[in-house]
Amino acid sequence: MSLVLDAAAQDLLFREARTANTFSDEPVTEEQVQAIYDLVKFGPTAFNQTPLRITLVRSPEARERLVKHMAEGNQAKTAAAPLVAILSADNEFHDELPQLLPHFPQAKDAFFSERPVREQSALVNSALQAAYFIIGVRAAGLAAGPMTGLDFAGLQKEFLDGDHTPLMVINIGKPGEDAWFPRSPRLEFDQVITTV
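Summarised in this report is the structure supplied together with it. (Residues numbered from 1 in each chain as written. Predicted model: local features only at pLDDT ≥ 70, side-chain atom pairs only at ≥ 80, totals over all residues. Heavy atoms only, no water.)

On to the pattern of salt bridges. As enumerated under the stated definition, the model contains 13 salt bridges in all. Ionic pairing is found between Glu 30 and Arg 58, a salt bridge with its closest N-O pair at 2.7 Å. Taken together, the residues Glu 30 in helix H2 (residues 30–40) and Arg 58 in the loop between strand E1 (52–57) and helix H3 (60–67) connect sequence positions 28 residues apart. Under the relative-accessibility criterion, Arg 58 is labelled partly exposed at 36%. Each of Glu 92, Arg 115, Arg 118, Glu 119 and Asp 163 takes part in one network of salt bridges that share partners. (Salt bridge = Lys/Arg side-chain N within 4 Å of Asp/Glu carboxyl O. Helix = DSSP H or I, 4+ residues; strand = E, 2+ residues; numbered from the N terminus. Buried < 20%, exposed > 50% of the residue type's maximum accessible area, 1.4 Å probe, protein only.)

Here the focus is the side chain of Ser 88. Turning to its location among the elements, Ser 88 is positioned in strand E2 (residues 83–90). Every residue in contact with Ser 88, bar those within four places of it in the chain, is listed here: Pro 51, Leu 52, Arg 53, Ser 126, Leu 160, His 164, Thr 165, Pro 166 and Leu 167. (Contact = heavy atoms within 4.5 Å.)

Of all 8 residues in E2, 8 are buried; the element is thus mostly enclosed. Alternating positions in E2 separate into two faces, Leu 83, Ala 85, Leu 87 and Ala 89 on one and Val 84, Ile 86, Ser 88 and Asp 90 on the other, with burial throughout. Where E1 lies against E2, 6 bridges are found, and the strand directions are antiparallel. Following the sheet pairing, Leu 52 is matched in E2 by Ala 89. As defined by bridge partners, E2 adjoins strand E4 (residues 164–173) across 8 bridges and the pair is classed as antiparallel. Bridge assignment links Asp 90 to a residue of E4, and that residue is His 164. (Pairing = 2+ DSSP bridges.)

Here the focus is the pairing of strand E3 (residues 143–147). Most of E3 is tucked away, with 4 of its 5 residues classed as buried. The pairing of E3 with E4 spans 5 bridges and is classified as antiparallel. Residue pairing in the sheet places Ala 144 in a bridge with Ile 172 of E4.

Scanning the model with the defined rule gives 5 aromatic pairs in all. Look at Phe 104 and Phe 111: their rings are 6.0 Å apart centre to centre, the planes differ by 75°, and that puts the pair in the edge-to-face class. A residue is classified by how much of its surface remains accessible, and Phe 111, at 41% relative accessible area, is partly exposed. An angle of 55° between the planes, with centres 6.4 Å apart, marks the rings of Phe 111 and Phe 112 as tilted. Through a chain of ring-to-ring contacts, three or more aromatic side chains come together here, namely Phe 47, Phe 93, Phe 104, Phe 111 and Phe 112. (Phe/Tyr/Trp six-rings, centres within 6.5 Å; stacked < 30°, edge-to-face > 60°.)

Dropping the structure here:
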């Protein structure tokens with residue numbers, strides 16, 4: 001093996017990890033979410049920006065409001081998951097750059113003074129952070145069910161504001177009965193990697 005990470009950790013994070021479609025009743029605690037975030041916040045982004053925002057949907061009332069915006073095939077599993085997170089991109093992330101990039105505080109105005117530039121950067125870098133978050137959920141021994149089958153405009157209006165762009169909704173918890181669909185194929189090395 002050419003990887004430093006041991007085989008069990010590789011399995012936990014990638015090979016055996018799957019998108020869960022059912023979950024047990026075991027709750028996901030604030031302590032677990034804190035541990036996940038404290039791990040994944042170190043994932044790299046451009047200019048050390050941190051545009052990802054995570055809205056935890058815990059109350060029954062908020063869950064009901066969320067479920068109505070999910071595609072029909074995602075509603076039941078979103079209603080039943082122990083925890084649901086709405087992931088969004090903060091398009092005003094640049095306000096934090098002086099704190100996050102203290103050696104280059106002028107990056108805020110030098111590179112991100114225009115809203116379209118911020119939106120593009122927020123989208124790319126929050127997508128990176130979303131991937132780190134999913135791996136962090138797996139590292140906590142939980143399963144994640146990321147979904148983009150939803151009414152994005154309705155979700156934004158219901159839970160966010162004009163400065164936050166919704167990315168996805170993730171169901172989180174311990175897998176339940178019949179949680180897995182059959183593993184779908186993946187592209188092989190030669191189909192993806194080109195050396196020039």
